[in-house]
Amino acid sequence: MRKFGYKTRSMAVKGKKLLEVEQLEVVFNTRDGEVKAVNKLDFSMQSGETLAIVGESGSGKSQTALAIMKLLAANGKTRGAARFYGRNLLEMTATEINEVRGEHIAMIFQDPTSSLNPYMTIEEQMLEVLMRHRKMSRKDARLRVLEMLTQVDIPDPERRIRQYPHEYSGGMQQRVLIAMGLLCQPELLIADEPTTALDVTVQDQIKRLMRELKEKFNTSILLITHDLGVVAGLADKVLVMYAGQLVESAPVDEIFYRPRHPYTAALLKAVPRLDQVGDYDMHPIPGNPPNLLKLPKGCAFRNRCEMAFDACAQMPEVREVAPGHKLRCFLDGGALK
Ligand SMILES: Nc1ncnc2c1ncn2[C@@H]1O[C@H](COP(=O)(O)OP(=O)(O)O)[C@@H](O)[C@H]1O
Ligand code: SF4
Ligand SMILES: [Mg+2]
């Protein structure tokens, strides 16, 4: 039995509330004042579900994930709650959260190189995970590692397992990290820009792999990306963030076919169309996100919004405009596409 009460893996039944984030705030103390990187964020995930958090660079996506894992920089603090199967991760002791991180929630990052130890073979790094967290024998752990490398399509794992990270390409390193993250069969995989550092063909392979693993192991995925294009075919729900706040969240098809927030609509226009090869017609969003130290009063998107009107000088509250569809905007909500 686990120390802090996640008794069995059978808890990971499809449809059960896996993660509930309530009024999450991340505040950093800086020389210039307080920076609110995440502002009263609410979302939830069911077991087996994939939620994508999307937004431009600096919108608070990574800090949301780091806060949940209690991995914020020393000048950061959190408010609110992040309940994993009902237990608030933010209130856990170091020992408790370490156990969650090793066994129940795994995280992979944008840059695979910096997540692997350059001085250890892939075998040593992967065996360590199982021998430490699962107390497995070396022999059993090795079998499991080879099986997992096969699952992520590493060819000739018996030979490659003895190599060092620099002998792998970036795409292969990301496969190793996904395999390593899944070794202890976590209920939740947090993937922060997992394909951003890779070239387009490798991006597609990693996306396909994540989709397959999600089906095979029923792993829930919290996918963080600045690129809405990555989300299609992988996410069930999408949450769009702007300047630390939720601006829209909905099932993936609603976001793609019936976006209601002007920012979501602008992000969609910025995605290169799959059917266009070569010089495609991309529309980057004009202007920049606001400075978090000097947030303007009212809607944070106001200075870039083509639809802004007088009321937008006040901050719109989040409201539910259709079942499971939340919106922070005064427009009364016809689809914008
Ligand atoms: N250690 C820190 N000290 C002060 N501000 C920080 C710190 N880390 C992050 N931030 C602020 O948090 C904002 C959101 O960051 P982040 O979550 O990393 O954005 P992204 O959506 O690109 O992942 C950044 O724009 C930055 O202003
Ligand atoms: S509240 Fe106003 S400024 Fe903000 S997104 Fe909606 S229309 Fe644009
Ligand atoms: Mg980030």
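In what follows, the structure referred to is the one given above.
For clarity, every value in this text was computed on a predicted model and none was experimentally measured.

Conventions we followed
Residues numbered from 1 in each chain as written. Chains lettered and ligands numbered in written order. Predicted model: local features only at pLDDT ≥ 70, side-chain atom pairs only at ≥ 80, totals over all residues. Heavy atoms only, no water. Buried < 20%, exposed > 50% of the residue type's maximum accessible area, 1.4 Å probe, protein only. Helix = DSSP H or I, 4+ residues; strand = E, 2+ residues; numbered from the N terminus. Pairing = 2+ DSSP bridges. Contact = heavy atoms within 4.5 Å. Axes fitted to C-alpha atoms, helices over the stretch in contact; angles between N-to-C directions. Near = heavy atom within 4 Å. Polar contact = N/O pair within 3.5 Å; in protein donor to acceptor, adjacent residues only side chain to side chain. Parallel < 35°, antiparallel > 145°, perpendicular 65-115°, else oblique. Left-handed = near helix turned anticlockwise from the far one by under 90°. Nonpolar A, V, L, I, M, F, W, Y, C, P; charged D, E, K, R; others polar. Core = buried A, V, L, I, M, F, W, Y, C linked by side-chain atoms within 4.5 Å.

### Regarding the pairing of strand E7 (residues 188–192)
Part 1 of the reasoning: Of all five residues in E7, five are buried, a share of seventy percent or more.
Part 2 of the reasoning: Here E7 shows a buried face lined by Leu-188, Ile-190 and Asp-192 and a second buried face lined by Leu-189 and Ala-191.
Part 3 of the reasoning: Strand direction decides the pairing type here: strand E6 (residues 105–108) and E7, joined by four bridges, are parallel. Looking across to E7, one finds that Met-107 is bridged to Ile-190.
Part 4 of the reasoning: Where E7 meets strand E8 (residues 220–225), five bridges bridge the pair, whose relative direction is parallel. Looking across to E8, one finds that Leu-189 is bridged to Ile-221.

### Considerations on the sheet that holds strand E2 (residues 33–46)
Part 1 of the reasoning: Across the sheet, four strands lie side by side as E2-E1-E4-E5; this open sheet has antiparallel pairing. The sheet is open, and its two edges are formed by E2 and strand E5 (87–88), each paired on a single side.
Part 2 of the reasoning: This element, helix H1 (residues 61–68), spans strand E1 (17–30), E2 and strand E4 (76–84) of the sheet and lies at about 110 degrees to E1.

### Looking at the site of ligand 1
Part 1 of the reasoning: Around ligand 1 lies a shell of 14 residues, among which Gly-58, Lys-61, Ser-62, Gln-63 and Asn-75 are the nearest.
Part 2 of the reasoning: Note that an oxygen atom of ligand 1 is positioned 2.8 Å from one of the side-chain N or O atoms of Lys-61.
Part 3 of the reasoning: A distance of 2.8 Å separates an oxygen atom of ligand 1 from a polar side-chain atom of Ser-62.
Part 4 of the reasoning: Taken together, the elements giving at least two residues each to the shell around ligand 1 come down to E1 and H1.
Part 5 of the reasoning: Per-element accounting of the shell around ligand 1 gives the leading share, three residues, to H1.

### Regarding the packing of helix H5 (residues 138–151) against helix H7 (residues 170–182)
Part 1 of the reasoning: Close contact between H5 and H7 brings their axes to 9 Å; oriented N to C, the two are set at 130 degrees. Between H5 and H7, the angle is such that the two are oblique. Classified by chirality, the crossing of H7 by H5 is right-handed. Contact residues: Arg-144, Met-148 and Leu-149 in H5; Val-176, Ala-179 and Leu-182 in H7.
Part 2 of the reasoning: Within the contact of H5 with H7, the residues separate by chemical class into five nonpolar, no polar and one charged.

### Re the nonpolar core
Part 1 of the reasoning: Membership of the largest hydrophobic core comes to 60 residues, with the highest contact counts inside it found for Met-126, Ile-178, Leu-228 and Val-231.
Part 2 of the reasoning: The greatest single-element share of this core, amounting to seven residues, is contributed by H7.
Part 3 of the reasoning: The next biggest cluster of nonpolar side chains, apart from the first, holds 37 residues, and it includes Ile-53, Ile-68, Ile-190 and Met-241.

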